[in-house]
Every structure is written in structure tokens, then in C-alpha cells.
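Here are the chains, one letter per residue:
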Amino acid sequence: MSTATPTRKRVVLLGATGSIGENTLRVIAAHPDKLELVAVAAHSNWRKLAGIARDFGVRQVGLFDPAASAAVRAHPSEFPAGTRFHDGLAGLVDLAQLPEADIVLVAVVGTTGLRPALAALEAGKDLALASKEILVLAGKFVMETARRRQARLLPVDSEHNAVFQCIEGHSQAELSRIILTASGGAFRDWPAERLAHATPADALKHPNWSMGPKITVDSATLANKGLELIEAQWLFNLRPEQCQAVLHPQSIVHCLVEFTDGAMLAQLCPPSMTFPIQHALLHPARPPGVEAPLDLTRLFSLDFRPVDEARFPMLRLALQCMRQGGVAPAIYNAANEVAVAAFLAGRLPFLGIPQLVDATLQKSRQLSPDSLDEVLAVDEEARRTANALLATLT
Ligand code: NDP
Ligand code: MG
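Residues numbered from 1 in each chain as written. Chains lettered and ligands numbered in written order. Predicted model: local features only at pLDDT ≥ 70, side-chain atom pairs only at ≥ 80, totals over all residues. Heavy atoms only, no water.

Our next topic: the coordination of the magnesium ion (ligand 2). Taken together, Asp157 (OD), Glu159 (OE) and Glu228 (OE) make up the protein donors of the magnesium ion (ligand 2), found 2.1 to 2.2 Å from the metal. In the primary sequence, the donor residues of the magnesium ion (ligand 2) line up as D-x1-E-x68-E. Of this pair, aspartate 157 sits in the loop between β7 (153–155) and α7 (158–167) while glutamate 228 sits in helix α11 (residues 223–236); the two residues are 71 residues apart in sequence, bridging distant segments of the chain. Glutamate 228 sits in the buried class, given a relative accessible area of 1%. (Donors = N, O, S within 2.8 Å, 3.2 Å for Na, K, Ca; no water. Helix = DSSP H or I, 4+ residues; strand = E, 2+ residues; numbered from the N terminus. Buried < 20%, exposed > 50% of the residue type's maximum accessible area, 1.4 Å probe, protein only.)

Here's what the structure looks like:
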């Protein structure tokens, strides 16, 4: 909840130099009367961050990487006069709690944004969440914090933002199931036997979306859809069997929500993240968007078909973890991050990704976590296990 009622919403953007970051900047630039950027953070790309800080007049800047933190202090004139620098994870947490901020958008790849996201909720800020990995790791604790602090959690992930739009005004009891659409990623139409030879360059050619490398590989394995189903379970308080995925190659329908009477609502917009980002930042207002809406005078079709779990075992493994609950999703996520990094570095073949995740799940202890520290310990342990197994697979 906002502590003040300024005319402009003041935004903290963690992950400002990435793909979500860039789209967020487009939305903020298009609505200078409604949005003000007050803080930005990134991992190490300080030159790009400096450009953003200058363009938007931002004087609170965070860098996670110590070498980048040292570099900015050697080049203070690259940033607006009076800039305050915040270092490391503690710096991201400080930015998430800035007294002058109303809403914090977390778009840091992976789970590094967990502590800042919790800090924002603890401080009663609105949280616009792009980093799905955070909910897969610690959904229980993030949702509990939001409830306890009566803070708003606004989904940025396009499918979840779409569900959020469809269920507004409906009670939980009226919800029957949600269906998230999947584009199918780079290998949607590849036969199974070709997948063994898929390279990082092949996996990074997403047919519909332009995104960062980790999520683009996750789209190619369909791990992204698996992570999203788990994310949806937490965001909308659903049972595993209420969360499903369907293949929809055009990425125009982002979700379908089925109600208890059998009626379905869908949300449609072009495949660009500016739509969900603007919705999350300006909710409940709907000023004109950054990009043109769908043009229904042009011929296009909307296709739906079942997702092929046999060709994409990462989806099957995610569904298994979702049903299992406890720390299984956290282990899945940690092993996937290790596997994707190894694949992108050329150290693991494409089909090694599900192999490594499966092997890590089998080697890990399953438990129901009582505390966030317990979850974080499981996350670390799973990364160690995955790295050790990686040595045997490569
Ligand atoms: P990118 O790889 O394009 O960008 C990642 C951003 O995170 C960069 O700004 C990077 O900074 C920053 N970052 C990485 N590590 C750290 C760290 N330790 N501390 C601070 N900042 C860090 O990723 P995307 O924008 O594609 O994705 C971001 C998140 O949003 C992911 O969780 C993804 O799943 C989710 N998402 C993305 C969508 C998309 O369309 N791209 C759609 C839906 C969800 P630097 O440039 O310095 O490395
Ligand atoms: Mg998505």
C-alpha cells in the first residue's frame, strides 16, 4: 500500500538494464505525468545504467557486482550529480524500501530478487513481480508477507497479468481452472531426434518474444511454462489440478480462465511486455498503451493444441514437482538455473537440461519447509548437487 498519495507513482526498477527493464522504461517514458522513476539497479552493466539514470534523472543507483560498484565510483560524472550508490544485495534491499517509492518492479533474472521483493512488501510497497523464479522458490513466504502487510502483488509475467485481469471482480469460489498459453518456444516444431543437437544459438531464436537469454532457453525447454504454472498456483491460491497449459503458437491469447459455470474469459493483446508492465504499474488505470493494439481487420487465426510433454520433459517434471509440493519446486528451479547456465556456456547439451534436473530431484531430500531460511538452504544444497552432477554429465 502506498504511504503517500502523490500524483505520480514513484517506481523502483530492479533489473533496469534487461529486457523487462527496457520495456518498463518505454512505459515510464510514455507516461511522464503518471510515473516517475526514482531508483534503478542492475548486476554489472553500469554504463547502460548510467545512461538510464541520466535519461530519467534518477539519483538512486544499485549495482550487485563489486567490480561494477568500484567502477562507478571511479566514474561518478557519468551519473547525475548527487547520485547515491547502493552495493550488493543489501543495496537492492535498501532500494526496495526507499521511503520515496510507491511501487517496486523486480525484474532481476533468477532468485536474487527474493530478499528485495520481501523487503518491498515488508515496507508496504506495491510489488510488481516479473521474476517468476522467486515465487517458485519461496511462494509461500512471499504470499504470506504480502497478506500480513496488506501489500499489493501485481503480476508482470504476461500470462499471470492476464489471469489477474480476467479474475478481477470474481470470487475465488467462482474460479474453476486457469489455462496458461505457451508459444512452444524455439523448438515447437522440431522433431524429437533433432533436439539432441540443438545449440544455444538455436534455443535463443524465440518465434514471438524478445527476452533475456535465461527465460528464452526456459521457453525452448518449456521449463518456463512449468515455472509459470507453479507461479500461478501461488499468485491465485490454486490447487495443482486447477493450473494447466495449452499450446498457442500466436501468443495473442495469454490465458483462459474457466469459471464454475463453464464459461471462459480470455485476455488478448499483441506479444509485447509493455502491455502487462503498464497494467501492473498503473493498475487500475488504463491510459493509452505504448504500442498499437491488435488489428482485427487483418486476417489472423488463433490456434490451440495440447502441449507435447513427451518432447519437453521439463514441463512434465515441473508438473510432478507442483503436485509433490514442499521444496520440490525450489529444487527444480535451482537445478534448472544451473543447467541453463551450463547449456548457454556450451558445457551441457540441450537434452542434458532435463537430465540434470531430474537427477538433482532424485538426489535431493524432500521436505515441507517451515521457514524461509530452510528454503534458502535447500536452494543452495540443490545448486551444489546439480553442479556436482554436472561434472558427471559433461
Ligand atoms: P535479462 O537477462 O534481459 O535481464 C536481467 C536483468 O537483471 C539485467 O538488468 C541484469 O543486470 C539484472 N541482474 C541480473 N543479476 C542481477 C543481480 N544479481 N543483481 C541485480 N541485478 C541483476 O532478463 P529478462 O528481463 O528477460 O528477465 C528478468 C526476469 O523477468 C526473469 O526472472 C524472467 O523470468 C522474468 N520475465 C521476463 C520476461 C521477458 O519478456 N523478458 C517475461 C516474463 C517474465 P545486468 O544487465 O547488469 O546483467
Ligand atoms: Mg510468461
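Taken together, the buried positions of helix α4 (residues 88–96) are occupied by Gly88, Gly91, Leu92, Leu95 and Ala96. For α4, the angular spread of buried residues about the axis comes to 140°, placing them on one side. Taken together, the buried residues of α4 touch β1 (9–14), β2 (35–42), β3 (60–63), β4 (84–87), β5 (103–106) and α5 (114–122). (Arc of directions from axis to C-beta. Contact = heavy atoms within 4.5 Å.)

Now for the packing of aromatic side chains. Scanning all chains against the criterion turns up 4 aromatic pairs. With 5.0 Å between their ring centres and 85° between their planes, phenylalanine 79 and phenylalanine 85 make a pair best called edge-to-face. The pair formed by phenylalanine 79 and phenylalanine 85 is uniform in burial state, with each residue classed as buried. Centre to centre, the rings of phenylalanine 187 and tryptophan 190 are 4.4 Å apart; their planes meet at 50°, and the pair counts as tilted. No difference in accessibility class separates phenylalanine 187 from tryptophan 190, as the two residues are buried. In this structure an aromatic cluster arises from ring pairing among Phe187, Trp190, Phe343 and Phe350. (Phe/Tyr/Trp six-rings, centres within 6.5 Å; stacked < 30°, edge-to-face > 60°.)

What follows concerns the nonpolar core. Counting 132 residues, the largest nonpolar core has Ile178, Phe187 and Tyr332 as the members making the most contacts within it. The element that contributes the greatest number of residues to this core is helix α14 (residues 328–344), accounting for 11 residues. Not counting residues within four places of it along the chain, the set of residues in contact with tyrosine 332 comprises Ala223, Leu227, Met314, Leu317, Ala318, Cys321, Val357 and Leu361. (Core = buried A, V, L, I, M, F, W, Y, C linked by side-chain atoms within 4.5 Å.)

Bringing the site of ligand 1 into the picture now. Residues in close proximity to ligand 1 total 27 residues, the closest being Thr17, Ser44, Asn45, Glu133 and Gly212. Here an oxygen atom of ligand 1 sits 2.9 Å away from a polar atom, N or O, in the main chain of isoleucine 20. Measuring from an oxygen atom of ligand 1, one finds a backbone N or O atom of asparagine 45 at 2.8 Å. Protein contact buries 89% of the 910 Å² of open area that ligand 1 shows by itself. The residue inventory of the shell around ligand 1, partitioned by class, reads 13 nonpolar, 11 polar and 3 charged. (Near = heavy atom within 4 Å. Polar contact = N/O pair within 3.5 Å; in protein donor to acceptor, adjacent residues only side chain to side chain. Areas by Shrake-Rupley, 256 points an atom, 1.4 Å probe, with all protein chains shown as cover. Nonpolar A, V, L, I, M, F, W, Y, C, P; charged D, E, K, R; others polar.)

Another point: the sheet that holds strand β8 (residues 175–182). Spatial strand order, β9-β8-β10-β11: 4 strands in an open sheet with mixed pairing. Pairing within the sheet leaves two strands with one partner each, and these edge strands are β9 (243–247) and β11 (264–268). Averaged over neighbouring strand pairs, the angle between their axes works out to 25° when direction is ignored. Sheet analysis places strand β10 (residues 253–259) next to β11, joined by 5 bridges and oriented antiparallel. The partner of cysteine 255 across the bridge, within β11, is glutamine 267. Running at roughly 150° to β8, α11 makes contact with β8 and β9 of the sheet. (Pairing = 2+ DSSP bridges. Axes fitted to C-alpha atoms, helices over the stretch in contact; angles between N-to-C directions.)

This next bit is on the packing of helix α6 (residues 132–149) against helix α16 (residues 372–393). Two numbers describe how α6 lies on α16: the axes approach to 10 Å, and their chain directions differ by 175°. Accordingly, the angle class assigned to the pair α6 and α16 is roughly antiparallel. For the pair formed by α6 and α16, the contact residues are Leu137, Ala138 and Phe141 on the first element and Leu372, Val375, Leu376 and Asp379 on the second. In the contact of α6 with α16, the residues fall into 6 nonpolar, no polar and 1 charged. (Parallel < 35°, antiparallel > 145°, perpendicular 65-115°, else oblique.)

Okay, unusual backbone geometry next. Here the amide bond leading from histidine 283 into proline 284 is cis, since omega sits at 10°, within 30 degrees of zero. Within the secondary structure, proline 284 sits in the loop between α12 (274–282) and α13 (313–324). Although it is not a glycine, leucine 222 adopts a positive phi angle of roughly 70°. Looking at the element boundaries, leucine 222 is found in the loop between α10 (213–221) and α11. Unlike most non-glycine residues, asparagine 237 shows phi in positive territory, near 55°. Using a relative accessible area of 59% as the deciding quantity, one classes asparagine 237 as exposed.

This part is about the sheet that holds β3. Spatially, 7 strands are ordered β4-β3-β2-β1-β5-β6-β7 in an open sheet, and the strand pairing comes out parallel. In this open sheet, the two strands that pair with only one neighbour each are β4 and β7. Between one strand axis and the next, the sheet turns by 20° as a mean value, whatever way the strands run. Here 4 bridges tie β1 to β5, and the two strands are oriented parallel to one another. Residue leucine 13 lies in a different strand from β5, and its bridge partner there is leucine 105.

Quick look at the pattern of salt bridges now. One side chain can pair with another of opposite charge once the charged atoms of both are near each other. Enumeration according to the criterion identifies 28 salt bridges in this entry. Salt-bridge contacts for aspartate 126 lead to arginine 152; the nearest nitrogen and oxygen are separated by 3.1 Å. Within this pair, whereas aspartate 126 is found in strand β6 (residues 126–129), its partner arginine 152 is found in the loop between α6 and β7, the two being separated by 26 residues in sequence. For arginine 152, a relative accessible area of 30% corresponds to the partly exposed category. Residues arginine 239 and glutamate 241 are paired through a salt bridge, measuring 2.9 Å at the closest nitrogen-oxygen approach. (Salt bridge = Lys/Arg side-chain N within 4 Å of Asp/Glu carboxyl O.)

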